[in-house]
Amino acid sequence: ALDFMIKKTRDQKYSKAIHLITDSSSASFGDADLEACIKQLDATSTKLHVTLVGATDVGPWGHLAKTSTAVQILPLPMLARRCSLSVKPVELRAKVRLQLIVSQHLQIPVGVYSRTTRVSFPTLKKRSKMAAALPKGDHPNPDHVVIDRTYHVADDPDGEEVVAEDRIKGHKYGQSIVPMSEYDEAALMYTCERTLTALGFALATSIGPEHSMHQVETVAADRGDGWASCAFESLVDAMLEENLAIIARYSFRKNSQPRMVALMPRKGSGGNASIMDLQYLPFFEDLREWSCASLPMPSVEQRDAISALVDAMSLDASPKGVLDGAPRPHDELLKPEDSNNPCLARFYSFLVQRAIDPKAKVPPPGLDSWNHLELPAEVAQRLKDGKLGEALKAKFGLEKVEKVLGKKKHFWREAIAAKRKDLDFGEVDTKRIKVAVREDGKKEEKDEDKVKDEGSQEHAGFGGMAAPVGLPPVVHVGSVHPERDFERWLLHKSGGHDAVGEAMRQMRGVIERLADEGEDFHGKALSCFGALRKGCVQEAEAAVYNAFARALSRAPGQLRSRFWARARESGLGLITDSEVPTSTVTSEEASAFLRGEAYWPSSATASSAKAAHASTAAVAAAAALTEQDLEAMMD
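A. Looking closely at the packing of aromatic side chains. Using the criterion set out here, one finds 8 aromatic pairs in the structure. With a centroid separation of 5.4 Å and 80° between ring planes, the pair formed by F347 and Y348 is classed as edge-to-face. Owing to a relative accessible area of 27%, Y348 belongs among the partly exposed residues under this scheme. Grouped by ring-pair contacts, the aromatic residues F529, Y545, F548, F563, W564 and F593 constitute a single cluster. Between the NZ or CZ atom of K95 and the centre of the ring of F252, over which it lies, the distance is 4.6 Å.

This is how it looks when you write it as structure tokens:
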């Protein structure tokens, strides 16, 4: 085992240990081979953990453990507890070493340690099944999956890739996206050195557990520095005497986000050094107001009932009798050092089974792994014997309140199925149905059915159009890709609902917001303005666009004036009658509008327009007459 360990580890840094499970008769005093192995353990910094099974005396192994620091006797319960852990043991190392700057003349070298660290599930690596089946070549991981991302503009018809030089990050601010380049990020980054600088002292009672924003860490004097230990111990004693805590600025890495922390002193016991608990404090933005009103004071009977409940649910069992003439020690009902994470334990147990058998099924969760998360049986028996549940109900008037359920949503399919189930329809023989027949051989049609059919056709729509079906769609033109959203809603024709008008209204709002944001957004607003003009021409909504364009040309403010100047330079003028027949704007008027000049039509043009209008009105009036009216006029 030692040769195999040396071969695998070589000169690399490892925490090497060998676990040996044996009995006391496996070794003898003065064994030369065993002593040579012990010397090799010392030379390679390898630990030998010996677990004796079925032995009443440690024998030669106990002598070796006393003479060599590389040998350690590990009891069987301790070995079982270590094997039940689902994570590797982690050596306690300082997270960061720096100076605790109390003042200009007092700087104490300290180390910051993490006492608790959340252990999460291991990440599942993506592997390729096809590549794993191929023979291994020069690549060490042939089945490794590499993720390659490419970026494309959503509304680009060519689908060309956007290179890194043309990409920029953005932050959402309201309905807009504010661009943020890498230079802006670097300029906004907080620059500082790693530090732990005291801002002052405050009463320890003014800092509660509700002010903790992160995991609690520990600050201790630097190891091996005697002067630092003396200064740190003196500071802890003075703070405990005055009941004070240090408020400090903490940054464990250069240019990292600064944090405000509190250092709570704690005196060491049993020969251990004193420490300070580092508690992360919230800033003003992190605080939440306590909005709960004060509760009425409990009575003496209620206090006694709660005291009995607390005593019955104590996790420290009382001594029971004596053991070998001495009092039996307390039997703890909950031991945190033996309380493993049941989810991790189940995961790693299944991982071992799947490694042995690739077709192994996931076992159901066992109750034994959740025992330490349930109410201990002894505590449940105390609660039952003391009848504390009935006492609490009597003292506090506790009653179970049933939650009032809201209205349950019903569907037509369910209602029809329930109705059919109640009526119990059987099979219908269509041959036995009698139908009244007229003399001419046609089926008789009831008048009320005829009226019903005519009425349904009459109210189906206005002007011969079908009535809308279903709920109207939720039209939304966003500020990220407004052109794409606008074009998508112009193509939305299902259901009979008008989505075009709402899309044009929202598009006008997007253009106004972008124009008011600043000149950096005028390019995007100009693109949206062009998309609006194109859509209005496509949908023959010239009046909507022309009214919006005239409103923009007269809008007050420098930003909108500059935007309209860019729109004029781009030639985004009024929609003329040559583009949309229903438009009342001529080409001369559109040209004058882009030049910013007033347009006065000539007399000939005006008279021709009046004549055209009169002829159009006559045609419309003729179209409005029915056939009976035309026949009466001819007679």
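B. Here's a closer look at a nonpolar patch on the surface. A cluster of nonpolar residues, I306, V310, F396 and L398, forms a patch on the protein surface that exposes about 340 Å² of accessible area. Relative to the elements of secondary structure, V310 occurs in helix 8 (residues 300–312). Judged by relative accessible area, V310 falls into the exposed class, the value being 53%.

C. Structural view of the pattern of salt bridges. In this structure the tally under the stated criterion is 14 salt bridges. K95 is the partner of E217 in a salt bridge, and the nearest nitrogen-oxygen pair spans 2.9 Å. Here E217, found in strand 9 (residues 217–221), pairs with K95, found in the loop between helix 4 (76–83) and strand 4 (96–103); they are 122 residues apart in sequence, far enough to count as distant. A salt bridge links D516 to R560; its shortest N-O distance comes to 3.0 Å. With D516 in helix 15 (residues 500–517) and R560 in helix 18 (residues 558–569), this residue pair connects regions lying 44 residues apart in the sequence. Taken together, the salt bridges that share partners define one network made up of E233, D237 and K267.

D. Structural context of helix 14 (residues 482–490). Residues of helix 14 that are buried: P482, E483, D485, F486, W489 and L490. Down the axis, helix 14 shows its buried residues gathered within 165° of arc, on one side only.

E. Inspection of unusual backbone geometry at higher detail. Here the phi dihedral of S45 falls at roughly 55°; this positive angle occurs in a residue that is not glycine. Of note, S45 is situated in the loop between helix 2 (32–43) and strand 2 (46–52). The phi dihedral of N255 falls on the positive side, at around 60°, and the residue is not glycine. Structurally, N255 can be placed in the loop between strand 10 (244–251) and strand 11 (259–266).

F. Region of the structure containing the nonpolar core. Counting 37 residues, the largest nonpolar core has M507, I511, F529, L532, Y545 and F563 as the members making the most contacts within it. Every element with two or more residues in this core is listed here: helix 14, helix 15, helix 16 (522–538), helix 17 (542–553), helix 18 and helix 19 (587–595). It is helix 15 that provides the largest number of residues to this core, a total of 8 residues. Setting aside its immediate chain neighbours within four residues, L532 contacts F486, M504, M507, R508, I511, Y545 and F548.

G. View of the pairing of strand 1 (residues 16–22). Here strand 1 runs beside strand 2; their pairing, made up of 7 bridges, is parallel. The residue of strand 2 that forms the bridge with I18 is L48. As for the winding sense of the linkage, the β-α-β connection from strand 1 through helix 2 to strand 2 is right-handed.

H. Spatial organisation of the environment of Q40. Within the fold, Q40 resides in helix 2. The class for Q40 is partly exposed, based on a relative accessible area of 32%. In this view, Q40 contacts L2, D3 and I6; residues no more than four positions away in its chain are not counted.

Criteria and cut-off values
Residues numbered from 1 in each chain as written. Predicted model: local features only at pLDDT ≥ 70, side-chain atom pairs only at ≥ 80, totals over all residues. Heavy atoms only, no water. Phe/Tyr/Trp six-rings, centres within 6.5 Å; stacked < 30°, edge-to-face > 60°. Buried < 20%, exposed > 50% of the residue type's maximum accessible area, 1.4 Å probe, protein only. Lys NZ or Arg CZ within 6 Å of the ring centre and 35° of its normal. Patch = residues over 30% accessible without salt bridge, like charges linked within 9 Å, V, L, I, M, F, W, Y side chains within 5 Å. Areas by Shrake-Rupley, 256 points an atom, 1.4 Å probe, with all protein chains shown as cover. Salt bridge = Lys/Arg side-chain N within 4 Å of Asp/Glu carboxyl O. Helix = DSSP H or I, 4+ residues; strand = E, 2+ residues; numbered from the N terminus. Arc of directions from axis to C-beta. Core = buried A, V, L, I, M, F, W, Y, C linked by side-chain atoms within 4.5 Å. Contact = heavy atoms within 4.5 Å. Pairing = 2+ DSSP bridges. Right-handed = clockwise from strand over helix to strand, strands pointing away.

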